[in-house]
Amino acid sequence: MAARIVCLIIGLLVFAAGTAAADDKRILDVLLKKGVITQKEYAEILKEAAEEPKPPAKSEAKPTAVDDLQKAIETQKAADQQRAAIDKQAVKEGQEKGFLRALKDGFTPSDSEYQVAPASTMLLHLRRQERIGFHVHNLEPRYFDQAGLNTTPGGTKSQFQLATSELELSGYIFPGLLFAQVVIEPRDNLGRGLGDSIAKNIPPGNNAPSGIVRDGFADLVLHEPEMAIRVGQQRIPFGIEPQTPGGLLPFTSRAFMDLKLTRNPGLDNTRFSNAEFLQERDIGIQARGRLWNDYVDYALGAFNGAGINVNDTNNSKDFIGRLGFNPHRGLRFGVSGYRGTQVDILKESGLRNRVGSDFEVTHDLIPRVHLMGEMADGRDNQFHRLTWYLQGMYELIPQRTPTSPLLLLALRYDEMRDNLNVGDNNYSRTTVGLDYYFLNAVKMSSGYWQQVKFQLEYEIRKHSSSSLDAFNTDTFAHNFLIAQLTVRY
């Protein structure tokens, strides 16, 4: 009888081996304790149960082609459902955000990839973009109004404008060695394209400015940031504002030292001298860089002297340079010099010298405050000019993160004394403005500065001259209201 019971138990254990091993052992323990089986039989039963091959678990069975297909279909259905849910949520979030917030979020995907833009455009510690990219460099639609201006028949005193539309192609041609940039401006309403030349509005065919290229240069990067050699059409290395792109300026109009006289009738009484105080851009070569842990920055170059998009008319070259000092974070100053011979493209060459100085204090030194000023003195043969400006900005709403807004209150006084001691033709203006930044961030990995801002300004203008019949009656002398939206990407 005991033998039959033992055989029955062994059979049951063999059948259920591996699936209920713990329970089987407890049964054997009870049988051993009651004396139904001996210790030897107990050990033999456990040994036989352990040696018996286990049947494959259902989950370990090899999947068939039908199983794989069914699994792929189910996975795809789940992915489609998840994508549809994400799209639906995105539409809902877009409706809740509104256009402006959605635009801002589109420019700036995440705060982790971007940083708040530097306070100073002269101290950019941004990498050059590694890949060739084509993007909007600066787009400025605007509205302006001069309420007190008496216009001629067909003239306008207020209008909407597409002031500037610039496109940029830039990036490394050879990684880490040769960087190139081309900027074109299809629009020329402000005279900041063709008007950069010192050529007055001369007839076509007489070396008149032509073309839409604003910047077209290549940088041979010898050692970053100590030295790069720049060749081509470029911004001249004089002062602060001439080297600052238009979209990054805190005011809608440039200061007098960089204003384009050629396209501003109320500020175009040069009487033989060149049409601009500085031509902003020229064709030539310069070396530039930062030294001693950025405490010193320098730029020195040789240029034609004729300006943008025109040929040179003499064999001499103009030498232009700036030396900057940055003794403390948030504080910097510099000196600039210009020595040349180009005076008038159609008439003659003669003495053309400039000296200048600049300073800047940013919120890195004084919280929420940005102060900046420049002055320059220039001579064109017998004509003598002096210009200067002082401007300040206060952060009404400081920018906390790259995607948070920024609101600035801006004030500037700007003056030019044209033809000193020969009629003292003087221009001055006081500008009060509000700048609201929807976005003002840089992506450090690529160097792209992304910006969306709205500017509202009112200019109080004055023009006096002891040698002119007109006195505060020209276009410039009337106050100016302007609103402008700037997009830079």
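The structure under discussion appears in the preceding block.
Since we're looking at a predicted model, the values are computed, not measured.

*Asks:* Describe in detail a nonpolar patch on the surface, supporting the description with residues and values.
*Replies:* Among the surface-exposed residues, Ile132, Phe134, Leu169, Ile173, Phe174, Leu177, Val182, Ile212, Val213, Leu220, Leu222 and Met227 lie close enough to one another that they form a single nonpolar patch of about 1,000 Å² accessible area. Among the secondary structure elements, those contributing two or more residues to the nonpolar patch are strand 3 (158–174) and strand 5 (213–223). Here Val213 lies in strand 5.

*Asks:* Describe the pattern of salt bridges, with residues and values.
*Replies:* For the structure shown, the criterion picks out 19 salt bridges. Across the pair Arg235 and Glu280 runs a salt bridge, and its minimum N-O distance is 2.6 Å. Taken together, the residues Arg235 in strand 6 (residues 227–235) and Glu280 in the loop between strand 6 and strand 7 (281–291) connect sequence positions 45 residues apart. The burial state of Arg235 is the same as that of Glu280; both residues are buried. With a closest N to O distance of 2.6 Å, Arg332 and Glu360 form a salt bridge. Within this pair, whereas Arg332 is found in strand 10 (residues 331–342), its partner Glu360 is found in strand 11 (residues 349–361), the two being separated by 28 residues in sequence. With respect to class, Arg332 is no different from Glu360; both count as buried. Residues joined in a network through salt bridges with shared partners are Glu166, Glu185, Arg214, Asp215, Arg235, Arg254, Glu280 and Arg281.

*Asks:* Please set out the layout of surface pockets residue by residue, giving values where relevant.
*Replies:* The calculated volume of the second largest pocket comes to roughly 1,000 Å³. Along its surface, the second largest pocket is lined by 48 residues, and Ala117, Pro118, Ala119, Ser120 and Asp364 are the ones closest to its centre. Of all the elements in the fold, those that place two or more residues in the lining of the second largest pocket are strand 1 (115–116), strand 9 (318–328), strand 12 (369–380), strand 13 (383–397), strand 14 (406–418), strand 15 (425–443) and strand 16 (448–464). In terms of residue count, the dominant contributor to the lining of the second largest pocket is strand 13 (four residues).

*Asks:* I'd like a description of the packing of aromatic side chains, backed by residues and values.
*Replies:* In this description, an aromatic ring pair is defined by two values, namely the gap between the centres and the angle between the planes. One pass over the structure, following the stated rule, counts six aromatic pairs. Ring geometry for Trp388 and Tyr413: centres 5.4 Å apart, planes at 50°, overall tilted. Taken together, the positions of Trp388 in strand 13 and Tyr413 in strand 14 put the pair 25 residues apart, joining distant regions of the chain. Positioned above the aromatic ring of Phe179 is the side chain of Arg128, whose terminal nitrogen or guanidinium carbon lies 5.3 Å from the ring centre.

*Asks:* Tell me about the environment of Ser316, and please be specific about residues and values.
*Replies:* Secondary-structure assignment places Ser316 in the loop between strand 8 (296–303) and strand 9. Using a relative accessible area of 27% as the deciding quantity, one classes Ser316 as partly exposed. Sequence spacing of Ser316 and Gln342 is 26 residues, and the spatial spacing of their C-alpha atoms is 8.4 Å. Setting aside anything within four residues of it in sequence, one finds Ser316 in contact with Asn304 and Thr341. A distance of 2.4 Å separates a polar atom in the side chain of Ser316 from a polar atom in the side chain of Thr341.

Cut-off values and rules
Residues numbered from 1 in each chain as written. Predicted model: local features only at pLDDT ≥ 70, side-chain atom pairs only at ≥ 80, totals over all residues. Heavy atoms only, no water. Patch = residues over 30% accessible without salt bridge, like charges linked within 9 Å, V, L, I, M, F, W, Y side chains within 5 Å. Areas by Shrake-Rupley, 256 points an atom, 1.4 Å probe, with all protein chains shown as cover. Salt bridge = Lys/Arg side-chain N within 4 Å of Asp/Glu carboxyl O. Helix = DSSP H or I, 4+ residues; strand = E, 2+ residues; numbered from the N terminus. Buried < 20%, exposed > 50% of the residue type's maximum accessible area, 1.4 Å probe, protein only. 1 Å grid on protein atoms, 1.4 Å probe; cavity = no way out; pocket = protein on both sides within 12 Å on 5 of 7 lines; lining within 4 Å. Points joined across faces, edges and corners; volume = space filled by probe spheres on them. Phe/Tyr/Trp six-rings, centres within 6.5 Å; stacked < 30°, edge-to-face > 60°. Lys NZ or Arg CZ within 6 Å of the ring centre and 35° of its normal. Contact = heavy atoms within 4.5 Å. Polar contact = N/O pair within 3.5 Å; in protein donor to acceptor, adjacent residues only side chain to side chain.

Such coordinate-based values are descriptive only and should not be taken to indicate function.
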